[in-house]
Amino acid sequence: MKPRHEISNHLRRHRLMADGMTQQELADRVGVTRQTILSIEKGKYNPSVGLALRLALTFGVAVDELFEIEKGL
Amino acid sequence: MSQPLDRLQWRPSLTTLIASGLVILGLLLAPVNWGFLVLVALGTLGPGILREFGWLRDKDEFQQRAARRAGFHAYLVTGFIAFLLVAYLRSGERDIKDPEELATFFLALLCFTWFFSTLLSYWGPQKTARRTLVVFGSAWFLVTVLDNFDDPVAMFMQVLVMAAPFFGLAFLARKWPRVAGVLLIAASVFYLFYLGMLRSSAMGLATRGLVLVLFLGPLVASAVALLLGPHADGQEEQEVARTK
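The rules behind these values
Residues numbered from 1 in each chain as written. Chains lettered and ligands numbered in written order. Predicted model: local features only at pLDDT ≥ 70, side-chain atom pairs only at ≥ 80, totals over all residues. Heavy atoms only, no water. Helix = DSSP H or I, 4+ residues; strand = E, 2+ residues; numbered from the N terminus. Buried < 20%, exposed > 50% of the residue type's maximum accessible area, 1.4 Å probe, protein only. Contact = heavy atoms within 4.5 Å. Areas by Shrake-Rupley, 256 points an atom, 1.4 Å probe, with all protein chains shown as cover. Core = buried A, V, L, I, M, F, W, Y, C linked by side-chain atoms within 4.5 Å. Salt bridge = Lys/Arg side-chain N within 4 Å of Asp/Glu carboxyl O. Polar contact = N/O pair within 3.5 Å; in protein donor to acceptor, adjacent residues only side chain to side chain. Arc of directions from axis to C-beta. Expected span 1.5 Å × (residues − 1). Bend = angle between axes of the 7 residues up to and from the residue. Phe/Tyr/Trp six-rings, centres within 6.5 Å; stacked < 30°, edge-to-face > 60°. Lys NZ or Arg CZ within 6 Å of the ring centre and 35° of its normal.

Asks: Would you mind showing me how to read the overall build of chain B here?
Replies: When its secondary structure is counted, chain B shows 9 helices and 0 strands. What you see in chain B, going N to C, is helices and strands ordered as α-α-α-α-α-α-α-α-α. Here chain B holds 244 residues, and 37% of them are scored as buried. Summarising the internal contacts of chain B: among those between residues at least 6 apart in sequence, 67% fall at separations of at least 24. Summed over its atoms, the accessible surface of chain B is roughly 15,000 Å², and 71% of this surface lies on carbon and sulfur atoms.

And the structure:
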């Protein structure tokens, strides 16, 4: 069986570190809805490369600081 | 947007408002002339068609994915039921006496599956199930109150039997979703008999199917969501509260 790769993210941590930015504020900055930010933070949705880059740019970090891949069984 | 809509985490776009207006207008005018049903079609499917042509760009990538997933779910469910029906009809000397009802049944099945799947994507299984139960309870409440307006005792008893269980289940779904799911399955079986779906010969096959989709569909779908879905809505609610 192929190993499953789960993607985890640190979006919430970076958002709260950015002066407690709200989900709505972040959503407005990157041009999506608050529900999208919420779904990413909960790990329900993996964003496209474009959105991941926009999120990373907003926080001034590299994409792999926001998202990382976890090897599972 | 107003606070009640914020509580629902629902911010309708201009497209949604126009589409909803068309659907409501179409449904209101349909009894006058069924041609007005075209308005319902435009409101329901129009925005999706415009988006597919690239003429309307009002959804972000998560919303687009949810809509496409819901469309795929609607295709699977409606297609599967259509195959079953064709097999049933062709396996004997059976025919459908009410083709309009059959078409309405498939439309209802398509729209219901699409709508419920979209809600699941947005709210998750637990919250979708809870809100479905509250809507169901409220609908039964309204019906029983209007039906027994001149008899307060009968009204109270019927509200207790018909509406209160749904509110109770909605409350239970927050604390013990799996227990609520099992009870909901039991309630669905009760309604199956209560609505006379298994023994009714007066109602045609398509009409029975329509009643099943509209009345039992939300209950069974909520039960399945509660039994099989992940339950992490509490975390989401805390987050919503924090962002206000």
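Structure shown, so let's carry the discussion forward.
Asks: I'm lost on the nonpolar core in this one. Help?
Replies: It is characteristic of soluble globular proteins that their nonpolar side chains tend to be buried jointly. Leu 133, Trp 140, Phe 166, Leu 184, Tyr 191 and Leu 219 of chain B are the most contacted members of the largest nonpolar core, which has 21 residues in total. Mapped by element, the contributors of at least two residues to this core are helix H5 (99–147), helix H6 (152–175), helix H7 (177–194) and helix H8 (205–228) of chain B. Ranked by residue count, the leading element in this core is H6 of chain B, at 9 residues. Residues Val 30, Ala 52, Leu 55 and Phe 67 of chain A belong to the second largest nonpolar core, which totals 18 residues.

Asks: Where do I start with the pattern of salt bridges in this structure?
Replies: Residue and element names in this part refer to chain B. Under the counting rule described, the total for this entry stands at 3 salt bridges over all chains. The partner of Arg 51 in a salt bridge is Asp 58, and the shortest N-O contact between them spans 2.8 Å. Note on Arg 51: relative accessible area 24%, which makes it partly exposed. You can call Asp 58 partly exposed: its relative accessible area is 25%. Of the charged contacts in the structure, one is a salt bridge between Arg 68 and Glu 52, with a shortest N-O distance of 3.2 Å. Of the two residues, Arg 68 is situated in helix H4 (residues 61–90) and Glu 52 in helix H3 (residues 37–52); the sequence distance between them amounts to 16 residues. Judged by its relative accessible area of 58%, Glu 52 falls in the exposed class.

Asks: How should the side chain of Gln 35 of chain A be read in this particular structure?
Replies: For Gln 35 of chain A, the position within the fold is in helix H3 (residues 34–41). Here the side chain of Gln 35 of chain A touches Tyr 122 of chain B through a polar contact of 2.5 Å, landing on its backbone oxygen.

Asks: What is the right way to look at helix H2 (residues 23–30) of chain A in this model?
Replies: All names here are of chain A. Within H2, burial applies to Gln 23, Leu 26, Ala 27 and Val 30. Across the axial projection of H2, the buried residues extend over an arc of 100 degrees, all falling on one side. Exposed residues lying more than 90 degrees from the buried face of H2 are Asp 28 and Arg 29. After H2 finishes, the residue Gly 31 shows a positive phi value of roughly 75 degrees.

Asks: What is the right way to look at H3 of chain B in this model?
Replies: Given 3.6 residues per helical turn, the α-helix brings residues three or four places apart onto the same face. All names here are of chain B. Taking 1.5 Å per residue as the helical rise, H3 with its 16 residues ought to reach 22 Å, and the 22 Å between its terminal C-alpha atoms agrees with that figure. Maximum bend of H3: about 50 degrees, positioned at Leu 45, with proline Pro 47 one to four residues after it. What H3 keeps buried is the set Leu 39, Val 40, Gly 43, Gly 46 and Pro 47. Contacts from the buried residues of H3 go to helix H2 (14–29). Once H3 finishes, Gly 54 follows within two positions and takes phi at roughly 80 degrees, a positive value.

Asks: Would you mind going over the packing of aromatic side chains with me for this structure?
Replies: For any pair of aromatic rings, geometry is given as the distance between the ring centres together with the angle between the planes. All names here are of chain B. Inspection of the entire model under this criterion finds 11 aromatic pairs over all chains. Ring centres of Phe 105 and Phe 106 lie 5.0 Å apart, and the angle between their planes is 65 degrees; on these two criteria the pair is classed as edge-to-face. You'll find Phe 105 and Phe 106 in the same group, each marked buried. Taken together, a centroid distance of 5.4 Å and an interplanar angle of 80 degrees make the contact between Phe 190 and Tyr 191 edge-to-face. The ring of Trp 123 has Arg 131 lying over it, and the distance from NZ or CZ to the ring centre is 4.5 Å.

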